[in-house]
Amino acid sequence: VMAASAVLAGLVNAPTAGAAPHPQQAPKPAGAVRATDPKAPDLGPNTYVVTPNTPQGEMQSKLDEIAKKQHTNQFGEERNAVLFQPGTYNADVNLGFNTQVAGLGMSPDDVNINGHVHVEADWLQQGDDPNYKGNATQNFWRSAENMAVQPPSGEIERWAVSQAAPYRRMHQKGQMQLWDGGDGWASGGFFADSKIDGLVESGSQQQFLTRNSELNGGWSGSVWNMVYEGTNGAPAQSFPDPPNTNVPQTSKVREKPFLNIDAQGAYHVFVPAVRENSVGTSWGSGQPGGENLSLADFFVAKPTDNAATINAALDAGKHLLLTPGVYHLDDTLRVKNPNTVVLGLGLATLTPDTGKQAISVSDVDGVELAGLLIDAGEQNSPSLVDIGERGAGADHAKNPTSLSDVFFRIGGPRAGKATTSLHINSNDVLIDNTWL
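This report concerns the structure included in the present document. This one's a predicted model, so the numbers in the text were calculated from it and none came from an experiment. Per-chain numbering applies: the sequence of each chain, read as written, is numbered from 1 onward. Restriction of local features to residues with pLDDT of at least 70 applies here, the model being predicted, together with a cutoff of 80 or more for giving and counting side-chain atom pairs; totals for whole chains, interfaces and linings are based on all residues. Side-chain measures were taken over the full set of non-hydrogen atoms in the model, leaving aside hydrogen atoms and water.

### Points about the packing of aromatic side chains
Aromatic ring pairs are reported here in terms of the distance separating the ring centres and the angle at which the planes meet. To keep it simple, the criterion reads: Note on aromatic pairs: the rings of Phe, Tyr and Trp (six-membered ring only in Trp) are paired at centre separations within 6.5 Å, and the planes decide the class, stacked below 30 degrees, edge-to-face beyond 60, tilted for the rest. Strands are runs of DSSP state E lasting at least two residues, helices are runs of H or I lasting at least four, and both sets are numbered from the N terminus onward. The buried label goes to any residue with under 20% of its type's maximum accessible area, the exposed label to any with over 50%, and the partly exposed label to all in between, with areas taken from a 1.4 Å probe on protein chains only. A ring is considered to have a charge above it if a Lys NZ or an Arg CZ atom is located within 6 Å of its centre and within 35 degrees of its normal.
In the structure shown here, the tally under the stated rule is 12 aromatic pairs. An angle of 70° between the planes, with centres 4.9 Å apart, marks the rings of Phe191 and Phe208 as edge-to-face. Note that Phe191 is positioned in strand 13 (residues 190-192) and Phe208 in strand 16 (residues 207-211), a separation of 17 residues in sequence. Here the two residues Phe191 and Phe208 agree in accessibility, since each one is buried. The ring of Trp141 carries the charged tip of Arg409 above its face, separated from the ring centre by 4.8 Å.

Written as structure tokens, this is what we have:
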């Protein structure tokens, strides 16, 4: 079983007087930087956008094609994002490796899936029995976000994952089980900002983190370590027997930015505000605090863009949206401007090929890194991501930098090499679900 960590941490060394809003990036001349049309952005060949007008057969065929391709493809270079515009759909979304499925509404309830958004443990042999494929301990690298799911009557939603597989900003209207339902193994997972109406059965799950969620149907089961933070309906504090840890409030958090589309067909990225001492979801009582940035303010990158092209856009004051794929970098992506958003779709993957960092972030306010897989190259990198320079000492308590669903891998698709995965020098950095 792979050792891993799902983490929420506030590295705060100064008192806070309240959370400041996330200010708009100051406009700068874009020069030769490629422009983005927010009503017709090119999200790359690996992003599939579903609309209420998409024929049912075409949609399900595409979903099945992606699921088949990604079923066992844990170390392949294929990446996929499936994005549902607001509406109601009949769909079976079987979520395989290197795949993100997400709704494009401002609320999870803007996208309703009648069917399933599920993960199965039906491919990896467990123990010595070649006929038993119930092992979920390698079900990594996938995510479901910002949707409501209504399973058929009497059916249970299966989310048999281990790590680096967030279930975030979801409304599950049925019952869930977090393993294969038999004797299969499962080793960890992460719920955040989600509402689950039915009972959650954790079964063989060894550890799990549930943050700022609503467990309206309760939770059953625990093995080694179940942690609930700022979550209504969670089991009471009882560690070590049973091993439930209940933290009543989340001291400080900023939810992950998310792509959305408005009634006029224009794309935005919503950047949630910092919440302090919070309980429950950010969206249950209406639109959360934050700012909706036009996609025109983003450089929409593709894996064919090199580091110089992406850095030119960052230097020009653009935010960065990375479309699905593997980005082989010959230089570091340098985030120098405060309040820059770097958001990946479909587990966009950054691989430094020349022994440099994948990303460096200056010691500035409010940078957000989200939805990224950082994959070490064959030439050793001293570190894969640096947040702030050595000796950084600025106070960012009112507008912290945050990392949401940022995963690091050394080895797997190649003999990757790195001395350090993540090096944090800046103060007040919020870490919300990492795997290192």
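### Focus: the pattern of salt bridges
This is how it is decided: Basic side-chain nitrogens of Lys or Arg form a salt bridge, by our definition, when they fall within 4 Å of a carboxyl oxygen of Asp or Glu.
Summed over the entire model, instances satisfying the criterion amount to 20 salt bridges. Between Asp305 and Arg34 there is a salt bridge, with the nearest N and O atoms lying 2.8 Å from each other. Placement of Asp305 in the loop between strand 26 (298-301) and helix 2 (307-315) and of Arg34 in the loop between strand 1 (8-11) and strand 2 (47-50) is noted, with a sequence separation of 271 residues between them. Counted as one network, the salt bridges with shared partners bring together Glu145, Arg168, Arg211, Glu255, Lys256, Arg275, Asp405 and Asp432.

### Let's talk about unusual backbone geometry
Between Phe239 and the following residue, Pro240, the backbone shows a cis peptide bond with an omega angle of 15°. Relative to the elements of secondary structure, Pro240 occurs in the loop between strand 19 (225-229) and strand 20 (244-247). Following Asp241, the chain continues into Pro242 via a peptide bond in cis, with omega recorded as -5°. Residue placement: Pro242 occurs in the loop between strand 19 and strand 20. Notably, Ala164 is not glycine yet its phi reads approximately 50°, a positive angle. By the element assignment, Ala164 lies in the loop between strand 9 (157-158) and strand 10 (167-168). For Ala164, a relative accessible area of 6% translates into the label buried.

### Quick notes on the nonpolar core
Threshold: Here the nonpolar core consists of buried residues drawn from Ala, Val, Leu, Ile, Met, Phe, Trp, Tyr and Cys, with membership extended through side-chain atoms lying within 4.5 Å. Contacts are assigned to residue pairs that have any heavy atoms within 4.5 Å of one another.
Leu322, Leu350, Ile359, Leu369 and Ile374 are the most contacted members of the largest nonpolar core, which has 36 residues in total. Considering each element in turn, this core owes the most residues, 4 residues, to helix 2. Ignoring any residue separated from it by four or fewer positions in sequence, one finds Ile374 in contact with Leu350, Ala358, Ile359, Leu384, Val385, Val406, Phe407, Phe408 and Arg409.

### What to know about the sheet that holds strand 20
Quick note on the threshold: Note: two strands are recorded as paired if DSSP finds a minimum of 2 bridges between them.
As summarised here, the arrangement of the 9 strands in space is 2-3-5-7-10-13-16-19-20, forming an open sheet in which the pairing is parallel. Of all strands in the sheet, those bounded by a partner on one side alone are strand 2 and strand 20.

### Side note on the pairing of strand 7 (residues 142-145)
Residue alternation in strand 7 divides its side chains into two sets, Arg142 and Ala144 and Ser143 and Glu145, and both sets are buried. Alignment of strand 5 (residues 99-103) against strand 7, held across 4 bridges, turns out to be parallel. Each residue of the ladder has a partner; that of Thr99, found in strand 7, is Arg142. The sheet contact formed by strand 7 and strand 10 spans 2 bridges and is parallel. Across the sheet, Ala144 pairs through a bridge with Tyr167, a residue of strand 10.

### What to know about the sheet that holds strand 22 (residues 258-261)
What counts is decided by this rule: Helix axes are fitted only over the stretch in contact, all axes being lines through C-alpha atoms; the angle between N-to-C directions runs from 0 to 180 degrees.
One open sheet holds the 3 strands; their spatial order is 22-23-25, and the pairing between them is antiparallel. In the strand order of this sheet, the two ends are held by strand 22 and strand 25 (290-294), each with one partner. Put simply, the sheet's adjacent strands are angled 35° from each other on average, direction ignored. Here strand 22 pairs with strand 23 (residues 267-272) via 4 bridges, running antiparallel. From the neighbouring strand, Phe258 faces strand 23, where its bridge partner is Phe270.

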